Amino acid sequence: MRIVEISGPIEDGMWSYGDPYPTPKITQIPPPEWLAYPVYSQTVTMAVQTATYLETAAHMDQTRLPIDQLPLERCYLIDALTLWIP
């Protein structure tokens, strides 16, 4: 089995398309008072067009299969190609 990781780090101020898309921002959430132990959680704010998402051709052509109808088996253990473009 060959698996190729094609994602990148999600970090504050990471790459984005620019206006009108917001710059990605990660904010620490304070631990809730009702917990007796600390937890560490964040909110991540970014436009979905930041390249950290899954989409189908319906993104460009509404007659194509939308993401909510995509069978899960088409997202798992499939051939993939990675390009490194500096």
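This text gives an overview of the structure that appears in the document. (Residues numbered from 1 in each chain as written. Predicted model: local features only at pLDDT ≥ 70, side-chain atom pairs only at ≥ 80, totals over all residues. Heavy atoms only, no water.)

When you go through the protein residue by residue, the secondary structure sums to 0 helices and 2 strands. In the protein, which comprises 86 residues, the share counted as buried stands at 10%. The long-range share in the protein, meaning contacts at least 24 apart out of those at least 6 apart in sequence, stands at 26%. Put simply, the protein shows about 7,900 Å² of open surface, and 58% of that area lies on carbon and sulfur atoms. (Helix = DSSP H or I, 4+ residues; strand = E, 2+ residues; numbered from the N terminus. Buried < 20%, exposed > 50% of the residue type's maximum accessible area, 1.4 Å probe, protein only. Contact = heavy atoms within 4.5 Å. Areas by Shrake-Rupley, 256 points an atom, 1.4 Å probe, with all protein chains shown as cover.)

The subject of this paragraph is a nonpolar patch on the surface. On the surface, Trp15, Tyr17 and Tyr21 cluster together into a nonpolar patch covering about 370 Å² of accessible area. Along the chain, Tyr21 falls in the segment before β1 (25-29). Accessibility expressed as a relative area gives 35% for Tyr21, which makes it partly exposed. (Patch = residues over 30% accessible without salt bridge, like charges linked within 9 Å, V, L, I, M, F, W, Y side chains within 5 Å. Salt bridge = Lys/Arg side-chain N within 4 Å of Asp/Glu carboxyl O.)

This part takes up the environment of Gln69. Here Gln69 lies in the segment after β2 (41-45). Taking the C-alpha atoms as reference points, Gln69 and Thr56, 13 residues apart in sequence, are found 9.8 Å from one another.

Turning our eyes to something else, we now look at unusual backbone geometry. Following Asp19, the chain continues into Pro20 via a peptide bond in cis, with omega recorded as 5°. Here Pro20 is to be found in the segment before β1.

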